[in-house]
Structure formats: structure tokens, C-alpha cells
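# Reading the structure
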Amino acid sequence: QAALGWACWKTYGGRPGTDGTRCQSLGLLGSALRASSQQEEALPVLEAYVALVRRYCPHVEDAILMAQSSHAACLDDVGRHDEALVLFREIHARRVAVHGLLHEHTIITGTNLACSLSSSKLWDESRSFLLDQLLPAAHQSLGADHDLTLKGKRILADTHVLNPKHTRDDILEAETIIQDVIQRRRRVFG
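Residues numbered from 1 in each chain as written. Predicted model: local features only at pLDDT ≥ 70, side-chain atom pairs only at ≥ 80, totals over all residues. Heavy atoms only, no water.

## Describing helix H7 (residues 123-141)
In this model H7 runs 25 Å from its N-terminal to its C-terminal C-alpha over 19 residues, within 8% of the 27 Å that 1.5 Å per residue would give. The sharpest bend along H7 reaches about 45° and sits at Leu-130. Of the residues making up H7, those classed as buried are Trp-123, Ser-126, Arg-127, Phe-129, Leu-130, Leu-134, Leu-135, Ala-137 and Ala-138. On its buried face, H7 sits against helix H5 (81-99), helix H6 (104-119), helix H8 (147-162) and helix H9 (168-189). Count one or two residues on from H7 and you reach Gly-143, which has phi positive near 100°. (Helix = DSSP H or I, 4+ residues; strand = E, 2+ residues; numbered from the N terminus. Expected span 1.5 Å × (residues − 1). Bend = angle between axes of the 7 residues up to and from the residue. Buried < 20%, exposed > 50% of the residue type's maximum accessible area, 1.4 Å probe, protein only. Contact = heavy atoms within 4.5 Å.)

## Structural notes on H6
An ideal rise of 1.5 Å per residue puts 22 Å on 16 residues; H6 measures up with 23 Å between its terminal C-alpha atoms. Of all the positions in H6, only Thr-106, Ile-107, Thr-109, Gly-110, Thr-111, Leu-113, Ala-114, Ser-116, Leu-117 and Ser-118 are classed as buried. Where H6 terminates, the next one or two residues include Lys-121, which has phi positive at roughly 65°.

## What to know about the state of the cysteines
Under the definition given, this model contains zero disulfides. Summary of cysteine pairing: Cys-74 is not part of a disulfide, and the nearest cysteine sulfur, belonging to Cys-115, is at 16 Å. Classification of Cys-74 as buried rests on a relative accessible area of 0%. (Disulfide = S-S within 2.5 Å.)

## Looking at the environment of Gly-20
In this fold, Gly-20 is placed in helix H2 (residues 20-35). Taking the relative accessible area as the measure of exposure, Gly-20 reaches 45% and is therefore partly exposed. Between the alpha carbons of Gly-20 and Leu-52 there is a distance of 9.9 Å; along the sequence they are 32 residues apart.

This is the structure:
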């Protein structure tokens, strides 16, 4: 993937800065590097991609938020959890403001935020966010069997288990959640 990302950038990187294909090729390169476990190399590329999108597409909020999401995820990958969490909070707040709680993109950014809260060891906040906002919205708009709903439930189970202050009841609750997720995935995805 990284080789294809570099090939894309080399093909289109010489175009003018305002060229959409040039901008997209930089984002593709960053994503390809990240997917190839080259997060340290991907980080400055994704930072440049966010800057390019902000500069040349300031009116396209979805493009800015998607670029910022990739950048935040890469920050999380390299262990810069606090910085990633700040970005994920901002991105999710903008998605809620622009699309509302029930939009699929908002639910995706909410899932990213819940993961980032867990990465930052804020398990109680992650659990509250999942139970109070994300999972009800996912159930209502996507349904109980949707992949994002099931991913949110898995994150919820993780918050029960990973918290060092967990109780026996937390472990049993996590087990119940995971069993439900497994059954639904088998039924839906085979």
C-alpha cells in the first residue's frame, strides 16, 4: 500500500497546490503509510494534508473533518493520546453541530472518540459517553446489528475490563456484551 501511495503522490504531487487530485494523493499517501504500519512517517504527511485541505477547501467541512480524523488516529497510533483526544473531541463536536447525533459520520467520529478516551485511560468517561450518547444514537439510526453499533458495544465491554478498578460484576457485564456481539456478528456477517 505504501508503494501505491508513493506512486500516486509522485504522479500528482507536481500539480498546482489548488489541484484537488494533488491534495487527495497526499491524503492517500498518509493513509497508505499508516495502513502499512509506518505511523511515524505518516504523521507529517497527514499534518500537511490537513493544512492543504484547510487552505484550499475551507468551505468543505466534511473534507476538513475527514482529514483531521486521519491525523488524530495517527496521533493515537504513535502514542500521543492526549493530542489525539483533543482532536477527536473537536471533530465529534463539529459532526454533532453539522449533522446531528444520528448521522452515520457522527457515529463514526463518536466511536473514534470512545476509543481515544479508552486509550487515554478515561474508561468511566468512555463508558458514560457510550451508554448515554453513542449507543442509543447508533441503535436508533443504524440498528442493533450494524457494524458500528457492534463496534461501540465491543468498546463498551473493553471499558469494563480494562479499567483497573473493575469489579466481578463489570467482568460479567463485559462477557454478556461480548457474547451478544459475537452472536449478532455470526448471524449478520456469517
